[in-house]
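Listed below are the residues making up each chain.
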Amino acid sequence: MTGKRWQLAHGRHLDLGDRALVMGILNVTPDSFSDGGAFDAPERALEQARRMVAEGAVIVDVGGESTRPGAAPVSSAEEQDRVLPIIAALARSGDALISVDTYREDTARLAVAAGAHIVNDVWGAQREPGIARVAAETGAGLVLMHTGREREKLPDVIDDQLLFLRRSLEIARQAGVQDAQIMLDPGFGFAKDADENLELMARFSELAQLSYPLLAGTSRKRFVGHVTGREAADRDAGTAATSVILRLQGANVFRVHDVAINVDALAFADAMLARQTNLPGR
């Protein structure tokens with residue numbers, strides 16, 4: 001796979017290409033859909049972060065507000081009270097790159113100041129466009145995610161991806177974000193039914209036309225349960241299968257709850273990609 005360098009805050013970067021990279025999910029919330037309340041105490045959150053890094057996570061993604069359907073919104077102050085101490089503690093340890101999962105401009109700015117390297121926005125900079133300005137001013141990596149929430153979608157899943165993500169890219173560029181800072185996320189599960197998610201998986205390689213690195217966030221999503229018949233906490237094997245499928249179609253970074261199983265599965269995907277690249281005639 002062609003290599004690219006993802007530029008991040010605080011002078012850091014990630015090289016993308018030959019090896020899939022895993023982003024471990026650290027929800028410091030009481031109500032996230034599969035692990036709500038498990039890591040809302042700081043000591044448990046830091047222990048989980050250390051565990052994920054030991055298992056192979058390159059990035060820890062810290063979120064302070066659940067994005068599950070129907071979740072109660074929290075104030076920016078409450079979100080910040082949850083995530084900023086964890087980010088600061090992780091930054092002091094220096095064990096991993098840190099991402100903040102937020103759509104709020106003020107939370108993103110404070111998180112980067114506390115040590116975060118990446119801003120991961122589930123609204124693709126379209127809820128609070130000022131978040132793109134934070135990335136431009138700080139040099140933070142910026143994940144722009146597609147969502148179908150609160151709008152009419154186009155009937156074709158890829159057409160809708162292109163429509164939404166091109167608008168997000170326009171916002172980022174106007175704010176001064178450099179191309180090398182940007183990663184795109186097709187937003188599996190965000191106002192997409194099981195058929196739409198499966199269609200998006202089957203056609204994932206079409207997103208390469210946008211010419212940006214891609215993040216896949218399928219972990220424990222409802223459509224994984226639709227296929228496997230498993231409840232949320234038991235969907236990690238199914239998640240790993242989706243990670244392999246999406247890696248073979250060009251995804252670079254994988255946002256997951258269970259790091260170890262996905263690291264192992266992705267090692268096989270990378271081995272197959274390397275073997276295919278080295279086949280005679282290629």
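Rules and cut-offs
- Residues numbered from 1 in each chain as written.
- Predicted model: local features only at pLDDT ≥ 70, side-chain atom pairs only at ≥ 80, totals over all residues.
- Heavy atoms only, no water.
- UniProt positions renumbered as here; feature names shortened; annotations may be inferred.
- Helix = DSSP H or I, 4+ residues; strand = E, 2+ residues; numbered from the N terminus.
- Polar contact = N/O pair within 3.5 Å; in protein donor to acceptor, adjacent residues only side chain to side chain.
- Axes fitted to C-alpha atoms, helices over the stretch in contact; angles between N-to-C directions.
- Parallel < 35°, antiparallel > 145°, perpendicular 65-115°, else oblique.
- Left-handed = near helix turned anticlockwise from the far one by under 90°.
- Contact = heavy atoms within 4.5 Å.
- Nonpolar A, V, L, I, M, F, W, Y, C, P; charged D, E, K, R; others polar.
- Salt bridge = Lys/Arg side-chain N within 4 Å of Asp/Glu carboxyl O.
- Buried < 20%, exposed > 50% of the residue type's maximum accessible area, 1.4 Å probe, protein only.

- Per an unreviewed UniProt entry, the protein carries the name Dihydropteroate synthase and comes from Aminobacter carboxidus.
- What the UniProt record of the protein gives under Sequence similarities (unreviewed entry) is the line "Belongs to the DHPS family."

**Notes on the side chain of Ser 99**
Reasoning step 1: Inspection of the secondary structure puts Ser 99 in strand E5 (residues 97–101).
Reasoning step 2: A polar side-chain atom of Ser 99 sits 2.6 Å from a polar atom in the side chain of Asp 61.

**Description of the packing of helix H4 (residues 130–138) against helix H5 (residues 157–175)**
Reasoning step 1: H5 packs onto H4 with a crossing angle of 45 degrees between their chain directions and a minimal axis gap of 8 Å. As the angle between them shows, H4 and H5 are arranged oblique. The chirality of how H4 crosses H5 is right-handed. On H5, the residues touching Ala 132, Arg 133 and Ala 136 of H4 are Ile 171, Ala 172 and Ala 175.
Reasoning step 2: Taken together, the residues of the contact of H4 with H5 break down into five nonpolar, no polar and one charged.

**A word on the pattern of salt bridges**
Reasoning step 1: Under the definition given, this model contains 19 salt bridges.
Reasoning step 2: For the salt bridge of Arg 51 with Glu 47, the shortest nitrogen-to-oxygen distance reads 3.3 Å. Taken together, the residues span about one helical turn, with Arg 51 and Glu 47 both in helix H1 (residues 42–54) at a distance of four residues.
Reasoning step 3: In this structure, Arg 109 engages Glu 105 in a salt bridge whose closest nitrogen and oxygen atoms are separated by 3.8 Å. Of the two residues, Arg 109 and Glu 105 are both situated in helix H3 (residues 105–114); the distance of four residues between them amounts to about one turn of the helix.
Reasoning step 4: Overall, the relative accessible area of 22% leaves Glu 105 in the partly exposed class.
Reasoning step 5: Within the structure, one salt-bridge network assembled from shared partners comprises Glu 105, Arg 109, Arg 133 and Glu 137.

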